[in-house]
Amino acid sequence: MDPLRSYLGRLLLEDITPVVMVLTTPLAEAACRRSGLSFVDMLSPFSLFKKIDVPVRTASDQPYRLQMFKIRMVYASDIHKQDHEVADERIKLVVSEANEKTLPDLLADPPQLEDVVNKPEAELCPLWTKRFNRELIRTLSFSDHETFDHPVACLLVVSSKDKEPISKFADLFNTNQLPSLLNEGIMDPQILKHYLVLHDQQDGPQEIAVNILAEMRSTLGLNDCKLLCINSSAQAHGSDADNSWLPYKAHGLHNHEGACFLNTDDLNEIKDFMQDFASNHIIPYMEQKIRVLNQQVATTRKGFRNQIKNLWWRKRDDVPEAANGPMYTFTSIESQIRVLGDYAFMLRDYELALSNYRLLSTDYKLDKAWKRFAGVQEMSGLCYFMLDQSRKDAEYCMENAFSTYLRIGSSGQRNATRCGLWWAEMLTTRGQHREASSVYFRISNEEPSLHSAVLLEQAACCYLLSSPRMLRKYGFHLILAGNSYYLSDQKQHAVRAYRNALFVYKQNPWSYINNHVHYNVGRWYGVLGIFDVAIKHLLEVVACSHQSLTTQSMFLNDFFHFVQSTGKKFDVYKLQLPVFNMSSLRVVHEDHRTYASNADVDVSESIWQELEEEMIPSSSVVRTNWLDTQPKSSPFKNNKASVCVAGEAVKLNVEVKNPLQISVNVSGISLICQLSTTMDASSAEKGTLSAATEEDIATTKPSILTFKSDENNFTVSSLDIVLGGGETKRIQLEVTPKVIGILKLVGIRWTLSDSVVGYQYFEVSTQKKTKKGKRGAHRSLNNILIVIKALPKLTGYIDCLPTKAFTGDLQLLTLNLRNQSEHAVKNVKMKISHPRFVIPGGSSDLDLEFPQCLRKHVQSDSNVVSSKSTKEKFKGFLFAFPQDIKIQGGATFSWPIWFHAATPGNLSLYLSLYYEMESTTDIPYRTLRTHYNVEVLPSLDVSFAVSMCSSRLQEYIVRMDIMNRTLSESFALHQLSCVGTKWAVSTLPSCDSISLVETIPANQSVSCFFKIKDIGTNSCAEAADGSCGSDMVLSPGGSTDVFHISQSPIADFHYQERYHQGKLAKGPSSLLDFILIAKAVAANSSKSEQLLSHHTCQVALSQNPIWWLMEGPRTITHDFSKSCCEANIQLVIHNSSEHNISLGVVTSDGTLEKNQTIPSHESASGPGGWYDVSLENDVKAITSMKGTHPQKQSSESISPFVWCSLSSAQVDLKPNSSAKIPLKVCIFAPGTYNFSNYELHWKVHPSEAGQVDDNGRSGVGQGYPFYVTVLQGAR
Amino acid sequence: MIVCVAVVGHQNNPLYLQSFTEADDALKLHHVVHCSLDVIDERVNNPKRNAPTLNETFLGLLYPTENYKVYGYLTNTKVKFLMVTTDLDVKDADARNFFRKFHAAYVDAVSNPFHVPGKKIASRSFGARVSTIVKSFGSGTTV
Amino acid sequence: MGREVAGSCLDGVVMEMVSAYCGRFYAAKPELAAGRIEAIGFQVGHQLSERYTMDRPRFTDHLEAIKFICKDFWSELFKKQIDNLKTNHRGTFVLQDNCFPWLTHVSLDPSMESTDATESDPALLGDTAAQTTSMLLYFPCGIIRGALTNLGIPCAVSADMSNLPACSFVVRIKT
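What comes next concerns the included structure. (Residues numbered from 1 in each chain as written. Chains lettered and ligands numbered in written order. Predicted model: local features only at pLDDT ≥ 70, side-chain atom pairs only at ≥ 80, totals over all residues. Heavy atoms only, no water.)

**Some points on the sheet that holds strand 33 (residues 955-964) of chain A**
All names here are of chain A. With antiparallel pairing, the four strands of this open sheet are ordered in space as 32-33-37-35. Across the chains shown, the open sheet's two edge strands, defined by having one partner strand only, are strand 32 (940-948) and strand 35 (983-987). Looking at each pair of strands side by side, their axes are set apart by 30° on average, direction ignored. Pairing of strand 32 with strand 33 involves nine bridges; the strand directions are antiparallel. Bridged to Val-942 within strand 33 is Ile-962. (Pairing = 2+ DSSP bridges. Helix = DSSP H or I, 4+ residues; strand = E, 2+ residues; numbered from the N terminus. Axes fitted to C-alpha atoms, helices over the stretch in contact; angles between N-to-C directions.)

And the structure:
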């Protein structure tokens, strides 16, 4: 591209131009003032010549034509170095007046990548930066180390009214008021002078002026004098002045007050004057001067000899080490060369200029005049650029100049900036944007913050222009720029810079930077008073969880500060503080299923359904019969919407999380709802659609207000919580519709610390609402609810149901039901999941006091529960309240409930109440669901072992082992009962001390023995008196407070236990159940005594179907002198089973070894299968003697007696019959003998009727010890 | 001394950024690292300017700011390591050595089965190892 | 010696993983099992490629990366190189391994060398033997895909076994 066309080219053509120093008399100025202009202002528009088209001939011989030309008219008083303060003020003005322009687009959205890219290059960084650059450069004009600002000519202006004008010219140009440049001899005072007489037409006729002119011509020379007439128009006219000025307005000509007496021919006159001045005086003068200087330079410096001489001459050692080298007067050859170069530059003879600059640079370098050297380097770089050749040299020169300026320190610093600006422009012209930006960056370091901000911004733009596009650096430099804008409080610019950088950090998760940018942009917007945008930006950072605590609090505080300073409350859509976990959202609405508490809602629906299945009518039936009552059932056909009841709260559970580490208080959390009372399907559908697409609601902002407004249709609960740092809470919101219609839950609104109102809409995916059964309807968020007319509703709970109980704890509780509505409900049923733990009592039990009601003497009409209990009764207990019970509206109703902690462990107990409406309503019935969690602690472990009594028929020894597993509690045994009338329990006759065992302290275990007697078969005498009954009181205090076990609830619980302890009642003969009732020994007697009933069921007796015992004399007196003694004893055997039994008695003499051989030889006679004697059930049955038996055998090796009569006898026993088998023993010596070494082998022959389990089929019984004492009789 | 090391994923998302300075110039370091990514992109996309080290993992000095030097390293898997140092003359050998060790540490970190590729590296052991590597930087000791 | 032990252990582990996924976890839907196995392989390859390309210059083009897979990567994994690499220069590469180590223990006939066949016993997997063996190949496919993806080459890898234990992996680079 042609460098002259480039921006830098035009810049140079306009800025590096000959300067004309203007000297005016006050009167002349006054004349100009009349038309509201200073003299320079009046002329300056005409000092730019677009097409002056004059031939120019510099040092070389062939002329060239100069097209564009410009001369700078400057008052002599302005020709001096500017002090930086003034300059910086001017620059500050430029920047700050750009503020107003930037303000409007600050309100627009921040730019995105594409619209930044699509911008044309020029607009990337704002246009006023160019002006800024020029101003920055201007601050350096009229420096003494470079001459292109030195005046080329001098224009002396005298008014025609001045007294003796000629002399005026003289003292205008006297040195004491000339600029310092001339006085200090830095520049040649012999410059071209041009004399002008300014004539104001309104001051009188032109003749005076003409005379003066003639006089001047004669004295001052012929063609250096001119006459200029102005203000020739008669009266001040603003109107057509404008159009006449129009072409010149462009050149920065402003006449301030409208009064302007210049008319068109005045303007033309000025124009001609300037044209003539430029082309006929200035340019020729410069040409001529160039030639002269060139001649001198050629003579002194060109040629080999001169070079050497120059070098030698410069080698003097007394080179003063000043920053700008030795003082160069205008006579010095160096300054002449410089002038030559600059003139050549101004006349665009760049080769000539360049050659001179080169020449000069060596000299200055040798003189160590660094500042001058840098200036020369700079110019030569520009020359290279204008010549558009050898970029490398150009850059080298600029680089050189730049670094040199920097090296000489503060005096050259601003020059460095100028050089950098030119350099950067040069680079951008050549498309080397990256280098340009780096140059901008370098000079930005040298400048005060305001300037560096602008420079950094330009650097950023260059990064954007460079290829490949360097967005990150663009962003970074914008941030830096914005930062230093902020430092030099230019907030608008700061914001502009930051927000331009926003998009850079958007895509990548560089959250650190992103937060910083957003935060500052927001803050500064706030400072500027644009609060809504400020808040919009601050919202981005408010919920930053990764920042440090202090940062978070800082963000939050500023946010609140600005929000409060706006004065009004903000509605923020999707405010991220706190975070509502929408996935955890759950709507709880009660149609025909009602819940006692929130915990019950979370129980999975399937549990309820299987609990309620035979209690409620099938759901399909329900749906039809209540849907048909609806006037318009079309929307509900496909179960899209679910149902809630007017007047009953619809609850909504959601999790709230506080992402910050600071605790925030959230107030007024409430639902946004919409209740359309029109029942037609279309509106409902519309509602769903609008809800489904939550954007359009978001767009229709005022809709929130309407949501809040209609309080008469429904009421919403409002909740205040404080969320600690990082805390997550689960909250429940409620809305209570009041009228029939379609209720739509639209969203949540909340207030963050009383200042910000956040609201969020539920995303409702429409396909989510496809029916997934009741459970699905619950889980998936369906926010459309059909409100049906109010229904009666029961609320209920079990009074003081313990959460902790000891095993076996038995309590009487009451179930309280309350009907809040005004209609009555009827046909109440109850289903209990664990009847083992809870069973409903009878209506009469209510007023009984516990536990006295259980005592025997209380003669309540004991509804003895039938023993035949069906299986399904156990797995779910359906209890129908009496039909006549109706719970009236507003009435409360209580019903007794028995609680028994059956087994240790955690239990969750489900209750469901079913009731029907008295009046016909949309829903014929409802269910009240409630569930409790009970933790049952282990208390007493009771185990029983029963063994046959060896001495009596049909009597058993019971060993009861009780272990107290509690840590602290101690229990008092109260009563032991065995269920059923068949058995009688009593203490062992010998030891009554058993009753001393009253209390069992913690972690202790006792075992005690009882005797139980079968009083079913033969009702023995002592069954009559109360000494032995089915109950036995263990605690002192007599049989007065014996608990009635064959009466509800204990009996009921006992059946449950029986079922649950596994085995079902087979024959009552061989199994029996014990109930141990204990009392907790209360540490403080205040609390009512606690009753524990432990049920141990199906304790196995010895499996033998037969009993036997020996009968015979216990002491025999015999005289062994004559013969051995024979003792007749008999074995009484009773068959208690209902089968025939064949049985053999096997007596064995001597030791056990022989004893064991018996079966082998018996095997011939008896049927086989006798060997599979499972020792286990023997052990269980007769533990007592098993212990004693072996060592007795071992003690006596050979027995001193023999069984005489038979070695084995076979008998057959009918069911429930007895037989006596005589036996005879002959004894050889006196002593005490134990005739226990016999065995009974029996085999059961099952009758067709019943069958026996295998272990009872056949067996072996060891003989019981039977001691006989034989005495030596006297002769 | 090294003031900051960073691991940047192949989508220029920061995976790990640790600064070793007392002053909280984290933001500035973030900026410096973020800017250096531009240089890396430039180096990789038009590698004409450094032909000999055409596709070497070590990228050398990226970004001499006024008081920082940023060195870069680009793995085969387009993961970028950056090291910001304040010392003026860093021997290339040192930098290479540093990055080799750092790369080894990184590989072990991402080989952790619980590390999700493309997510930030949270492993504490990695951090400890990196800090030791950083401490040993310059002094020829090997970690 | 230790390496052999480790190697055989690894073979066993791979077999077991495959059989576990298609036999137990996703017995019903083999495609799901294949997906899971492939995903595991993907992660393994992803991490291994990170390690094995540690000190080597960056790849300039796809072919270099593929070559790396064939040579160094493969020999790191199997102590052997890919035997034959073919490409159509349109983004499709065929990596032929004449004796793929993880298939050496597999035989399509369950009757012979039943000990090894148990891992791929058709009865166990409820699947035909060929499909079973192809199950075994999802894992290396995943490895290759993971490695290449980590190297910045998104691709799809499929495998087919002409005659055991030779098999070939087809890499199609997504453009």
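Let's pick the thread back up.
**Things to note about helix 8 (residues 165-172) of chain A**
The periodicity of an α-helix, 3.6 residues per turn, causes residues three or four places apart in sequence to face the same way. Residues and elements named next belong to chain A. Among all positions in helix 8, only Pro-165, Ile-166, Phe-169 and Leu-172 are buried. All buried residues of helix 8 fall inside an arc of 125° around its axis, so they share one side. In this structure, the buried residues of helix 8 make contact with strand 1 (19-24), strand 7 (151-159), strand 8 (192-200) and helix 10 (207-220). (Buried < 20%, exposed > 50% of the residue type's maximum accessible area, 1.4 Å probe, protein only. Arc of directions from axis to C-beta. Contact = heavy atoms within 4.5 Å.)

**Topic: the packing of aromatic side chains**
Residues and elements named next belong to chain B. Enumeration over the complete set of coordinates arrives at 38 aromatic pairs over all chains. Relative to Phe-99, the ring of Phe-58 lies with its centre 5.9 Å away and its plane at 50°, an arrangement referred to as tilted. In this pair, Phe-58 is assigned in strand 3 (residues 58-64) and Phe-99 in helix 2 (residues 92-110), connecting sequence segments 41 residues apart. Neither Phe-58 nor Phe-99 differs from the other in exposure class; each is buried. (Phe/Tyr/Trp six-rings, centres within 6.5 Å; stacked < 30°, edge-to-face > 60°.)

**Structural notes on the interface of chain A and chain B**
Contacts between the two partners involve 19 residues from chain A and, on the opposite side, 23 residues from chain B. For the pair chain A and chain B, the summed buried area comes to about 1,900 Å², and 67% of that belongs to carbon and sulfur atoms. A per-residue breakdown of the area chain A buries against chain B is headed by Arg472(A), Phe476(A) and Trp510(A), which together make up 40% of the total. Counting across the interface, chain A meets chain B through three salt bridges. The partner of Arg472(A) in a salt bridge is Asp41(B), with the nearest N and O atoms 3.1 Å apart. In this structure, the connection of chain A to chain B is made through five residue pairs in polar contact (both at pLDDT 80 or more). Elements supplying a minimum of two residues to the side of chain A that touches chain B: helix 19 (433-446), helix 21 (471-487), helix 22 (491-506) and helix 23 (511-528) of chain A. When residues in the side of chain A that touches chain B are grouped by element, the largest group, six residues, is from helix 21 of chain A. Classifying every residue of the side of chain A that touches chain B by side-chain character gives twelve nonpolar, three polar and four charged. (Buried area = accessible area lost by both parts, 1.4 Å probe. Salt bridge = Lys/Arg side-chain N within 4 Å of Asp/Glu carboxyl O. Polar contact = N/O pair within 3.5 Å; in protein donor to acceptor, adjacent residues only side chain to side chain. Nonpolar A, V, L, I, M, F, W, Y, C, P; charged D, E, K, R; others polar.)

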